[in-house]
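These are the residues of each chain, in order.
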Amino acid sequence: MTTPSTTGPAELTLAGEFPEADRAQWRRSVEAVLRKSGVLGEGEHRDSPEDLLATETYDGITISPLYTAEDAAPAAGFPGLAPYVRAGTAQGSAAGGWDVRQRHADPDPAVTNREVLADLENGAASVWLVAGDGGVPVSGLGDALNGVYLDLAGVVLDAGPEFEAAADAYFDVLDVQPSAAIGNLGIDPLGVHARTGVSPDLDAAVALAVRVSRSHSKLRAIVVDALPYHDAGGSDAEELGCSIAAGVTYLRALTAAGLDVPTAARLLEFRYAATADQFMTIAKLRAARRLWTRVTQVSGAASAQVQHAVTSSAMLTQRDPWVNMLRTTLACFAAGTGGADAVTVQTFDAAIGLPDPFSRRIARNTQALLLEESHLGQVIDPAGGSWYVERLTDDLARAGWAWFQEIERAGGLVEAFPLVRERLAATWERRSDNIAHRRDALTGVSEFPNLGEKPVSRKPLPVLPEGGLPRLRYAQAFEELRDRSDALLAETGARPSVFLATLGPVAVHTGRSTFAANLFNAGGIETPAGAVADFPGGVACVCSSDKLYAEEAASVVAALKEAGATHVFLAGSPKKWAESGADAFIFAGCDALSVLHSVYRQLEGAR
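Just so it is clear, the structure is predicted and the values come from calculations on it, not from any experiment.

### What about the sheet that holds strand 10 (residues 342–344)?
In step 1: Spatially, 3-4-5-6-7-8-9-10 is the arrangement adopted by the eight strands of the closed barrel, whose pairing is parallel. The average angle at which neighbouring strand axes cross in this sheet is 30 degrees, direction not considered.
In step 2: Relative to strand 9 (residues 307–311), helix 11 (residues 323–338) is tilted by about 165 degrees, and along the sheet it contacts strand 8 (268–274), strand 9 and strand 10.

Here's what the structure looks like:
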């Protein structure tokens, strides 16, 4: 009989059979790829070739292609301890997942009640209820909440300037002990100011919040809503800075009314946008907790920020809305990974109208799949320790704090509103330029559009109050052109079209003809293709390889114009093919919106 060995195996070194790689080796590999792709010339050398692969955010933060332990960031601490970067509580969402919160805004109380009950019975944990303008009438609040167990399901009100009446109506139907009431009254006069431009009534808001703090120990009173700044086209750091400025304004007012800092901070909940840029969303939520901790620390008592993440309205599209399911899934994943306490997934048809039961179910199930099948909520701060995420969190926190300080120097959020509006407008201008040039791609709209898609019809959205910051969507400029195309189709029986004059066999022209079709279709313009002899007149675009362009481009452009072309595009570089005689060029990085508008002008001029 052989006696088993009591000594363990030799230490296992993962990937130990491979030579150790270092940054210098990686840089040599990057340089070789860039040289092969033509980005670097033959024999050209760069000490840091990765700089050519770096990108810059709207906040001026450089995103590098590689992060290592050398990319230092401040220690993130531990979950449940200041600065709360890793989680607001020691267990994060591992105990029971985050709060699945569904939004309801149908003005019919009976419909809203039916939808609220369906959501709560099928996975939602709380209700975000819009009341007053843009939602359920305040007088119908009781009917909308009929049958809801208010000691189990928290209700977050969103009544805008009618917050006092909505609170009274809510208290009338609140059939639980005050100490058992949960949720949030949703008081946010600063958010109303941002949306409408109406001066905020802080005194009434503070008086109600103080009263609630003394009677309902678990009920929050104030929402610090950062969505107006995001929806106006703002960047992540601008959203952070504005939210912290709003939180500080409320904190000052509440403590001036006699509340201590911990009690005042407990009354606040912060609402942020979650986008399909998952790493920016993760870092933004982590940075927000760090910034708010700093505010409460210097105020005398460090407090964790309570966060409600909402999938972005600005990123949603009306065209090909099914892609919104992918966007909201990414955003929900990022919100959960970033440590949000509550998450709202907007329905895929939210930009079109009020949701139907199917879209509400998809929104609920997006969260259910991430929580119950992917077990995302069972890991505390899953992005923690990532060199990229830790560095990005620090960079965003610094940029957000700098913007917050600028707002404070200008007198606070209300006094600085013109500055805020100007700053957000400048960011939107830069964002719009990137969208127009398709550097910020919108799948299903600016990229891979489907002209044959069947429209999705929904009950119209309630009219929302205006007068303050604009409500913008990234896809709106392209979708306006699609609407224009639909109108022409209804009026004339045909969409606008650009004829793709293809040279050579399919294998030769397919790259550029596919690129051209994708670009023109994004504006609702059809793209029949064929040889020059098939050209029916109107606007044309020549598509082929550089080799055939050198041989035939000039003669083909001349032939198209002789055949009655009012405008001829060429798919290729304007620097390389300027002598072809083409009127304009389309190429990767061109201003697609400008091209599309020029086509409409040409076609309308020919009518």
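### As for a nonpolar patch on the surface
In step 1: A surface patch of nonpolar side chains, about 230 Å² in accessible area, is lined by V39, L52 and L53.
In step 2: Within the fold, L52 resides in the loop between helix 1 (23–37) and strand 1 (55–56).
In step 3: You can call L52 partly exposed: its relative accessible area is 31%.

### A few points about the environment of G444
In step 1: Within the secondary structure, G444 sits in the loop between helix 14 (417–436) and helix 15 (476–492).
In step 2: For the pair G444 and A475, spaced 31 residues apart in the sequence, the C-alpha separation amounts to 9.7 Å.
In step 3: Ignoring sequence-local partners within four residues, the contact set of G444 consists of R319, D320, P449 and R482.

### Concerning the sheet that holds strand 12 (residues 529–530)
In step 1: Spatially, 12-11-13-14-15 is the arrangement adopted by the five strands of the open sheet, whose pairing is parallel. The open sheet has two edge strands with one neighbour each: strand 12 and strand 15 (584–586).
In step 2: In terms of strand pairing, strand 11 (residues 498–502) meets strand 13 (residues 538–543) through five bridges, oriented parallel. Bridge pairing in strand 13 places L500 opposite C541.
In step 3: The strands touched by helix 16 (residues 506–521) are strand 11, strand 13, strand 14 (565–571) and strand 15; relative to strand 11, the strand with the most contacts, the crossing angle is about 175 degrees.
In step 4: Each of strand 11, strand 13 and strand 14 touches helix 17 (residues 546–562); the most contacted strand, strand 14, lies at about 160 degrees to it.

Conventions adopted
Residues numbered from 1 in each chain as written. Predicted model: local features only at pLDDT ≥ 70, side-chain atom pairs only at ≥ 80, totals over all residues. Heavy atoms only, no water. Pairing = 2+ DSSP bridges. Helix = DSSP H or I, 4+ residues; strand = E, 2+ residues; numbered from the N terminus. Axes fitted to C-alpha atoms, helices over the stretch in contact; angles between N-to-C directions. Contact = heavy atoms within 4.5 Å. Patch = residues over 30% accessible without salt bridge, like charges linked within 9 Å, V, L, I, M, F, W, Y side chains within 5 Å. Areas by Shrake-Rupley, 256 points an atom, 1.4 Å probe, with all protein chains shown as cover. Salt bridge = Lys/Arg side-chain N within 4 Å of Asp/Glu carboxyl O. Buried < 20%, exposed > 50% of the residue type's maximum accessible area, 1.4 Å probe, protein only.

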